[in-house]
Amino acid sequence: MASRAPLPADFSRLHLADGLHPQGTHVSSSQSGCSITSDSGSSSLSDIYQATECEPGDMDLSGLPETAVDSEEDDDEEDIERASDPLMSRDIVRDCLEKDPMDRTDDDIEQLLEFMHQLPAFANMTMSVRRELCAVMVFAVVERAGTVVLNDGEELDSWSVILNGSVEVTYPEGRAEILCMGNSFGVSPTMDKEYMKGVMKTKVDDCQFVCIAQQDYCCILNQVEKNMQKVEEEGEIVMVKEHRELDRTGTRKGHIVIKGTTERLTMHLVEEHSVVDPTYIEDFLLTYRTFLSSPMVVGEKLLEWFHDPSLRDKVTRVVLLWVNNHFNDFEGDLAMTRFLEEFENNLEREKMCGHLRLLNIACAAKAKLRVVTLTKPSREAPLAFTLLGGAEKGFRIFIDSVEPGSKAAEAGLKRGDQILEVNGQNFENVQLSKANEILRNNTHLSITVKTNLLVFKELLARPDQEHEHDGEDEPDRKNGAPHIPKIGDMKKASRYSIPDLAVDVEQVMGLEKVSKKGKANTVGGRNKLKKIFDKTLTSILPPKPYNDVGVGQSQDDSIVGLKQSKQIAPALPVSGNLSSSNPDLLQSHHRILDFNNQPEPPPANMSDQVLRVFKADQQSRYIMISKDTTAKEVVAQAIREFALTAAPDAYSLCEVSVTPEGVIKQRRLPEQLSKLADRIQLSGRYYLKSNMETETLCSDEDAQELLRESHISLLQLSTVEVATQLSMRAFVLFSAIEPTEYIDDLFKLRSAALAAAAAASKTEVPTSSLKRFEEAINRETFWVASEVVREPNQLKRMKIVKHFVKIALHCRECKNFNSMFAIISGLNLAPVSRLRGTWEKLPSKYEKLFSDLQDLFDPSRNMAKYRNVLNNQNLQPPIIPLFPVIKKDLTFLHEGNDSKVDGLVNFEKLRMMAKEIRHVGRMAAVNMDPALMFRTRYVCPEGSQTAPNDPPYPWAERLTCHGCNGSFTATGKTHESP
């Protein structure tokens, strides 16, 4: 037994490994033993997956013929050294537990509180009770299995909770019960003497407990009533508050709502909140859906309270926070759209121009993309809507009107919608006449729109003289106010509580005085919108700083006074002599993977992509683009890169692809087609083609070469690049999850509604972002296993396993724990783990590396090792956490705590869930930049950039050190003097 703190009397003899320990345990109903099918209280991943193995089915593939495989240099020592990161071994929670209770700091107690609230023994306890228990608990360890902890009839003098391992209680009548992690035993909250019934023994080694002495336990639980403040109306209790002190200095104390009726909880939105309860509004807006049938219940109350001048500002702040945090509550809900329209009218009537401006900005920033699909019987059929704007007026294309009852209206097209794409063609910088031409010349229309009220209102307010300059007639724009836009597509970091929404209304009103001359040079008002956000950043969308304890630690808006610092992304050195054809290879890009004598690609940053464009003579150039770059713009860049003298109109961009049967397909791309890097196939190329010549772009020989190039094996891909792409894709899925999706998933709120809506519209039930992220880990797990077992050559199979181990290591460097776990799980699946010959050929250092990586996800003590890494103060966003752990934690909070207590809504439960969801959301608060993922591996001894050991781009044959003008090979091993 190991312990640093004085123990209750009944644990004082645990250091006697084989001695009988009489500490009786009264097992309460809340501690009833969980079902355990194994003697082990903690299992490893291999235990989990080996359960599916069938030894007689083992398949030995060692006798299959083998082909020559290129040998690899033994150049991975740095990777393996990095795998023994000290973060793996440090146990933050245990460090806090081993301190004497009198020596624990407030931060220590917060760490323990974060860990203990996930255990069943602490379910349905208020936060203050848990905090007090964490302050006085002591830590005890029984090192050997079979040790008697308590004897039958022994007097109990503490309440204890199992943190690791399991114990077995054998009752006098012969019945046995097993208690596992999270179960409790010991005294009741009374000073009466109690005695153990039965004999308790440890079942596994290293059983860990926390113990609270009987006197402390009784005092803390009986103190609950004294700290309660009950609010009564007409003799009925409608709300219960609890007095809390968040530190030992007494400076942060006050009452916090823990339960109440739905009406009283709603009314509390516009009441004063104590210093210990700054997140009440945020918690309510996230969780009200669990106890209210419709958001309009809240909306109607807010409209009613708005007419009270004393509540007007508070109501406005609630609505702004609601729109900013959870605009999906308004999107697609006609009643909530009307609520916003009415609220906007109220702001206009009361001349609250600054708040109205903020509402419009939030609407423009939060609108989600929607895809509207329409069909016309013929090209000559008229459109059921009209357009407004255009690049010639300095704006993008907007929907001006929609015929009521038309198919366009039924599909969701509305006045005020901005058109972003039509059939893949970008509408960012399109003239009005060209936009109408594209829409009329297609019978099938897939229109991507986004409601943008801010810019649409500016368009409506443009003076007529601008159109007089254009020589065009301006349609009537004063036939009614535009619809309220829909809000979405903003980072999770943009969700804040009321203190963050402090508004300098005069500053916001002053923004309306921007020069119109400057605005005329913008496209769709985008630059002006950016300036508006820049000026109001500290008001409506402040950057959320992170304190020194790191994102993983207990860091909630209710915990104030912590030191905070902003994140500044480090800049990478950039060569001063760069062009699209002579790039700096050290700049990161993540699109092109081509392995056959390519010219050097251009630099790219997080938002850039690289396109390789060919001519008919098979010369090629790299073009740096963004997702919004159109085919017309690529043609103009390609003409410059090829040093052609013809005008851009003389050329077009063509796509050539080769089917598996060898059939060559060629098509000319529309000028406004965008997302070109996403559309190209592995067996495809983009060609610059002259419009005046008929030429064969790709010969049969070139087609066969292109077909061969499209067959890429996993071993050809850089492990760094694979890890980067896995991380980027996982981050896109993770950051797209709305906070409300977690609540909807736990309480099963939207499934029936979505199914009914889908049935009414004859469409499939939409898949939530949460569901897509959940499915990703399964796809990646089985992809790993499939790549291994489909390879018949044993040596190559070993190399594939080694490749995946390195990818998992790089995923850890990217803080992508979800993909890292998927890879380890895939290698632990029975079809892979039982390939003994393959694993025997794996070098020992990779076996150790795999074991170390696997050890991070040791499920003992509630995934303590993984949580320690996640909670480390040096681990900052972006982070892609392990989804099964997120779901487990939220599920326990939901199922381990009652939703109603004494007929009142248990808001304490909802508050804990909201805090956990906020904590998860903060992990995606910073965009993931592939250029910075491995920046520490690009620094040479002279302080400049080098290539990593495992180069992310196979075409990087030789790199230049800008610090010493020396050269580095692609492996980063050779440093040559000038």
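None of these values were measured; they are calculated from a predicted model. Chains are numbered independently. Their residues run from 1 in the order of the written sequence. Residues qualify for local features only when their pLDDT is at least 70, as the model is predicted, and side-chain atom pairs are given and counted only at 80 or more; totals for whole chains, interfaces and linings, by contrast, use all residues. Note that water and hydrogens are dropped before the side-chain values are worked out from all heavy atoms of the structure.

### Focus: the overall build of the protein chain
- Secondary structure elements follow DSSP: runs of H or I of four or more residues count as helices, runs of E of two or more count as strands, with numbering from the N terminus. Each helix and strand counted, the protein chain has 36 helices and 31 strands in total.
- Split into buried and exposed, the 978 residues of the protein chain put 55% on the buried side.
- Contacts: residue pairs with any heavy atoms within 4.5 Å of one another. Of the contacts made within the protein chain by residues no fewer than 6 positions apart, 71% connect residues no fewer than 24 positions apart.
- Note on areas: Shrake-Rupley, 1.4 Å probe, and residue coverage restricted to the protein chains presented here. Element-wise, carbon and sulfur atoms account for 50% of the exposed surface of the protein chain, whose accessible area totals about 43100 Å². Here's how the labels work: a residue is buried when its accessible area is under 20% of the maximum for its type, exposed when over 50%, partly exposed in between, all with a 1.4 Å probe on protein chains only.

### Focus: the nonpolar core
- By size, the foremost hydrophobic cluster in this structure holds 170 residues, and its most contacted members are M116, F122, W159, F284 and L827.
- Buried residues of nine kinds, namely Ala, Val, Leu, Ile, Met, Phe, Trp, Tyr and Cys, make up a nonpolar core once their side-chain atoms join them within 4.5 Å. Core analysis: the second largest hydrophobic core is formed by 22 residues, V372, L413, I438 and L439 among them.

### Structural notes on the environment of C134
- If you trace the backbone, C134 turns up in helix α5 (residues 127–136).
- On the accessibility criterion, C134 (0% relative accessible area) is buried.
- Measuring from C-alpha to C-alpha, the distance between C134 and V210 comes to 9.3 Å, with 76 residues separating the pair along the chain.

### Concerning unusual backbone geometry
- Residue P878 is bonded to the preceding P877 through a cis peptide linkage, with omega at 5°.
- Within the element layout of this structure, P878 appears in the loop between α33 (860–870) and α34 (883–895).
- If you check the backbone angles, K675 has positive phi at about 55° while not being a glycine.
- Secondary-structure assignment places K675 in the loop between β25 (664–668) and α22 (676–679).
- Since its relative accessible area comes to 33%, K675 is described here as partly exposed.
- Of note, the phi angle at R861 is positive, near 50°, even though the residue is not glycine.
- Mapped onto the secondary structure, R861 falls in helix α33.
- R861 gets classed as buried once you look at its relative accessible area, which sits at 5%.

### Details of the pattern of salt bridges
- By definition here, a salt bridge exists when the distance from a side-chain nitrogen of Lys or Arg to a carboxyl oxygen of Asp or Glu is within 4 Å. All told, the structure shown has 36 salt bridges when counted by the stated rule.
- Linking R244 and E908 is a salt bridge whose minimum nitrogen-to-oxygen distance equals 2.6 Å. Linking R244 in strand β12 (residues 236–245) with E908 in helix α35 (residues 907–922), this pair joins segments that are 664 residues apart in sequence.
- For E908, a relative accessible area of 5% gives the class buried.
- A salt bridge links R911 to D277, with the nearest nitrogen and oxygen atoms 2.6 Å apart. Of the two residues, R911 sits in helix α35 while D277 sits in the loop between α8 (262–267) and α9 (280–287), which places them 634 residues apart along the sequence. As far as burial versus exposure is concerned, R911 and D277 are alike and both buried.
- Through salt bridges with shared partners, a single network forms among E242, R244, D277, D283, E908, R911 and R918.

### With respect to the sheet that holds strand β4 (residues 158–164)
- Think of it this way: DSSP has to see at least two bridges between two strands before they count as a pair. With antiparallel pairing, four strands are arranged side by side in an open sheet as β1-β10-β4-β7. Two strands lie at the open edges of the sheet, namely β1 (138–142) and β7 (184–186), each paired on one side alone. In this sheet, adjacent strand axes meet at a mean angle of 30° when their direction is disregarded.
- Of the pairings in the sheet, the one linking β1 to strand β10 (residues 207–213) comprises five bridges and is antiparallel in character. Counterpart to F139 in the pairing with β10 is V210. Convention adopted: a line fitted to C-alpha atoms gives each axis, helices being fitted over their contacting stretch, and angles between N-to-C directions are expressed from 0 to 180 degrees.

### Remarks on helix α23 (residues 700–709)
- Turning to α23, its buried residues number three or more, namely D702, A703, L706, L707 and E709. Viewed end-on, α23 has its buried residues packed into an arc of 160°, placing them on one side of the element. Facing away from the buried side of α23 by over 90 degrees, the exposed positions are D700, E701 and R708.
- Close packing links the buried residues of α23 with β24 (651–658), β25 and β26 (684–690). Here the arc refers to the directions that run from the helix axis out to each C-beta atom.

### A short note on the sheet that holds β12
- Taken in spatial order, the five strands make up an open sheet running β11-β12-β13-β28-β27, and their pairing is antiparallel. With one partner strand each, in any of the chains shown, β11 (228–233) and β27 (900–901) form the two edges of the open sheet.
- Relative to strand β28 (residues 904–906), β27 runs antiparallel, the two sharing two bridges. Looking at β28, one finds that V901 is bridged to L904.
- Strand contacts of α35: β12, β13 (253–260) and β28, with the helix running at about 110° to β13, the strand carrying the most contacts.

### Some details on the confidence of the model for the protein chain
- The share of residues in the protein chain with pLDDT of 70 or more is 69%, and the mean pLDDT across the chain is 74.
- Taken as a whole, residues 496–607 scores under 50 in pLDDT and shows 267 contacts with residues more than four places along the chain or in a different chain.
- Across the chain, each position has a pLDDT score giving the predictor's confidence in that residue, from 0 to 100. Counting contacts from residues 936–978, a segment whose pLDDT is below 50, to residues more than four positions away or on other chains yields 102 contacts.

### Details of the packing of helix α24 (residues 719–735) against helix α28 (residues 794–813)
- Contact geometry for α24 and α28: axes closest at 8 Å, N-to-C directions at 55°. Between α24 and α28, the interaxial angle falls into the category oblique. Regarding α24 and α28, the two cross each other, and that crossing is right-handed. Packed against α24, whose contacting residues are T719, V720, V722, A723 and L726, the element α28 presents H803, K806, I807, H810 and C811 at the interface.
- Classification used: nonpolar for Ala, Val, Leu, Ile, Met, Phe, Trp, Tyr, Cys and Pro, charged for Asp, Glu, Lys and Arg, polar for all others including Gly. In terms of residue class, the contact of α24 with α28 is made up of six nonpolar, three polar and one charged. Geometric relationships in this document are graded by angle, where less than 35 degrees denotes roughly parallel, more than 145 denotes roughly antiparallel, 65 to 115 denotes roughly perpendicular, and other angles denote oblique. Left-handed describes a crossing whose near helix is turned anticlockwise from the far helix by less than a right angle; the clockwise case is right-handed.

### As for the pairing of β1
- The element β1 is extensively covered by neighbouring structure, given that five of its five residues are classed as buried.
- Burial along β1 is two-sided: the residues V138, A140 and V142 and F139 and V141 are all buried.

### Here we look at the packing of aromatic side chains
- Working definition: rings of Phe, Tyr and Trp (its six-membered ring) pair if their centres are within 6.5 Å, and the pair is stacked with planes under 30 degrees apart, edge-to-face with planes over 60 apart, and tilted otherwise. Overall, the coordinates contain 23 aromatic pairs when judged by the stated rule.
- Judged by centre distance (5.5 Å) and plane angle (70°), the ring pair of F306 and F343 falls under edge-to-face. In this pair, F306 is assigned in helix α10 (residues 296–306) and F343 in helix α12 (residues 334–349), connecting sequence segments 37 residues apart. In terms of burial, F306 and F343 fall into one category: buried.
- Measuring from centroid to centroid gives 5.2 Å for F821 and F857, while their planes differ by 75°, and the two rings are edge-to-face. With F821 in helix α29 (residues 817–828) and F857 in the loop between α32 (844–855) and α33, the pair connects residues that are 36 residues apart, well separated along the chain. Judged on exposure class, the residue F821 and its partner F857 are both buried.
- Counting every residue linked through ring pairs, the aromatic cluster contains Y280, F284, Y288, F291, F306, W322, F327, F330, F339, F343 and F907.
- The ring of F306 has R312 sitting right over it, with the charged end atom 5.2 Å from the ring centre.
- The aromatic ring of F614 is capped on one face by R685, whose charged end is 4.2 Å from the ring centroid. Whether a charge sits over a ring depends on NZ of Lys or CZ of Arg being within 6 Å of the ring centre and within 35 degrees of the ring normal.

### Observations concerning helix α6 (residues 214–222)
- Turning to α6, its buried residues are Q214, Y217, C218 and I220. The buried side chains of α6 occupy one side of the element, clustering within an arc of 165° when seen end-on.
- Structurally, α6 contributes buried residues whose contacts are with α5, β3 (155–156), β4, β10 and α7 (224–227).

### A few points about the packing of helix α27 (residues 769–789) against α29
- The N-to-C vectors of α27 and α29 enclose an angle of 40°; their axes lie 8 Å apart at closest approach. Considered as vectors, α27 and α29 are oriented oblique to each other. Considering only the axes of α27 and α29, their crossing is right-handed. Between α27 and α29, the residues in contact are F773, I777, E780, T781, V784, A785 and V788 and N818, S819, F821, A822, I823, S825, G826 and L827, respectively.
- Across the contact of α27 with α29, the residue classes tally to nine nonpolar, five polar and one charged.

### Thoughts on the environment of G186
- If you trace the backbone, G186 turns up in strand β7.
- Through-space distance from the C-alpha of G186 to that of E155 is 9.6 Å; in sequence the pair is 31 residues apart.

### Brief notes about the environment of L893
- Locating L893 in the fold gives a position in helix α34.
- For L893, a relative accessible area of 1% corresponds to the buried category.
- Not counting residues within four places of it along the chain, the set of residues in contact with L893 comprises H117, K909, M912, M913 and E916.

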